[in-house]
Amino acid sequence: MAKPLISERAPALAGSARVPGDKSISHRALMLGALAVGESVVTGLLEGDDVLRTAACMRALGAEVTRLPDGSWRLFGRGIGGLVEPADVLDMGNSGTGARLLMGLVATHPFTSVFTGDSSLRSRPMRRISDPLSRMGARFHGRDGGRLPMAVIGTDRPVPIVYELPVASAQVKSAILLAGLNTPGETTVIEREATRDHTELMLRNFGAAIRTEAAEGGGLAITVTGFPELTGRLVAVPADPSSAAFPAVAALLVEGSEIRLPGIGVNPLRAGLYQTLLEMGADIAFENRRDQAGEPVADLVVRSSRLKGIAVPAERAPSMIDEYPILAVAAAFAEGTTRMNGLGELRVKESDRLAAMAKGLAACGVAVEEEKDALIVHGTGRPPAGGGAVATHFDHRIAMSFLVMGMASEQPVRVDDAEAIDTSFPGFADLMNGLGARIGAA
Ligand code: S3P
């Protein structure tokens, strides 16, 4: 059932808030824990619907996965090549990351698995992974357009490939690298634009031989050697910078605010939003920089700021691909025009985010232009009218972005369905209200 929420103008935000664990890293921790020999313990795992689906799938593929009373997760893995045929369809819910990475993992196991998901995931393109994985020997039978439900007939004779990514996608890169684990020889992915490297960092941490080199002609060549001996690890998942973006932007926009967000992942390949906000004039301090599970983290201190519009370069898109919805909200409050280029991929996320943002912003009185792969927001430096009723299309980030908008616009903003927020940020409204927001049932 739909869960409409309304967000009203908030007084100055204050306090410290613990944002949930990183979604990308949580998926990978469960997958590698299921492949490693011996015990792995994951702390700070995101217990959102997307990641819980991956946990259930790793169980279905034969790993022992248990949530312990203290909230950490314990896995006993099966060793490389040890996954077993799942007895039922693997339902990945809303999760493109879970689906694409797992399809890579099973592609080089000699059994058949069938993947499905919710209506959003069933509309998302899968050829981007079935093409390279077919070259490794797997076969795929999906719906028209290469969409889920899809059967993956894993190969018992995997062959290593060298593959250049046609789209900048960490999901595609990761699917191939994970398939390469149970493949003899070296599997190489070439990316012309660097994408998030959580798979590489975690594989190295678990003991795999993986190297990243400059590729001929530009970009990076990432090579994994097959049949590594992965051994169980302790993984402390950092807090998710993509989730932290929502309270952070809220604090920038609501006058007089100062909040603290501890332990946020600040991997440079994820930090594009923060760089952009700093260029727009945001007051964000990164304190206590440290390392956690091979990933850089910091405590963020965010104070309300007057923002100015800027042109965001297209090359930055991979490092902030999930953050354009909330950046567009920040841009609506900034003085001047913010131009966001190179956003074609936003059309195939959990929803068509370019269209959803353009429509929602217009409904809230913001001057906005939508192009094929660009979004242009004209801010006046004053709070927009708000007052819109926004369609979220079961997209967590659209819902959270507009609830943040309502915290600082003239009139409250209503979203038609906030249910999807649980896929990545369970407890979002409570956390925001704890800082001073006024988000409630509509
Ligand atoms: C992710 C990669 C990105 C991102 C998604 C998570 C990952 O997708 O949008 O939310 O964990 O690898 P693409 O790689 O398809 O751009």
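Residues numbered from 1 in each chain as written. Predicted model: local features only at pLDDT ≥ 70, side-chain atom pairs only at ≥ 80, totals over all residues. Heavy atoms only, no water.

(A) Fine view of the domain arrangement of the protein. For the protein, the domain assignment lists domain 1 (5-21 + 238-441) and domain 2 (23-236). Inter-centroid distance (C-alpha atoms) of domain 1 to domain 2 is 29 Å. Each side of the interface is counted separately: domain 1 has 26 residues, and domain 2 has 28 residues. At the boundary of domain 1 with domain 2, total buried surface from both sides reaches about 2,200 Å², with 50% on carbon and sulfur atoms. Between E345 and R128 there is a salt bridge, with its nearest N and O atoms 2.8 Å apart. Where domain 1 meets domain 2, there are twelve residue pairs in polar contact (both at pLDDT 80 or more). Of the residues assigned to the side of domain 1 that touches domain 2, the class counts are nine nonpolar, seven polar and ten charged. (Domains from an automatic or database assignment. Contact = heavy atoms within 4.5 Å. Buried area = accessible area lost by both parts, 1.4 Å probe. Salt bridge = Lys/Arg side-chain N within 4 Å of Asp/Glu carboxyl O. Polar contact = N/O pair within 3.5 Å; in protein donor to acceptor, adjacent residues only side chain to side chain. Nonpolar A, V, L, I, M, F, W, Y, C, P; charged D, E, K, R; others polar.)

(B) Focus on the layout of surface pockets. Empty space within the largest pocket amounts to approximately 530 Å³. Taken together, the elements giving at least two residues each to the lining of the largest pocket come down to α1 (23-35), α3 (96-107) and α5 (170-181). Here the lining of the largest pocket takes four residues from α1, the largest share from any one element. Considered class by class, the residues forming the lining of the largest pocket number nine nonpolar, ten polar and 15 charged. Here the lining of the largest pocket spans two domains, and each of domain 1 (5-21 + 238-441) and domain 2 (23-236) adds at least three residues to it. (1 Å grid on protein atoms, 1.4 Å probe; cavity = no way out; pocket = protein on both sides within 12 Å on 5 of 7 lines; lining within 4 Å. Points joined across faces, edges and corners; volume = space filled by probe spheres on them. Helix = DSSP H or I, 4+ residues; strand = E, 2+ residues; numbered from the N terminus.)

(C) Broad picture of the sheet that holds strand β14 (residues 234-236). With respect to topology, four strands assemble into an open sheet ordered β4-β5-β3-β14, the strand pairing being mixed. Among the strands making up the open sheet, the edge pair consists of β4 (64-67) and β14. Each strand of the sheet is rotated relative to its neighbour by a mean of 15°, with strand direction disregarded. Summarising the sheet, strand β3 (residues 39-43) and β14 pair through three bridges and their orientation is parallel. (Pairing = 2+ DSSP bridges. Axes fitted to C-alpha atoms, helices over the stretch in contact; angles between N-to-C directions.)

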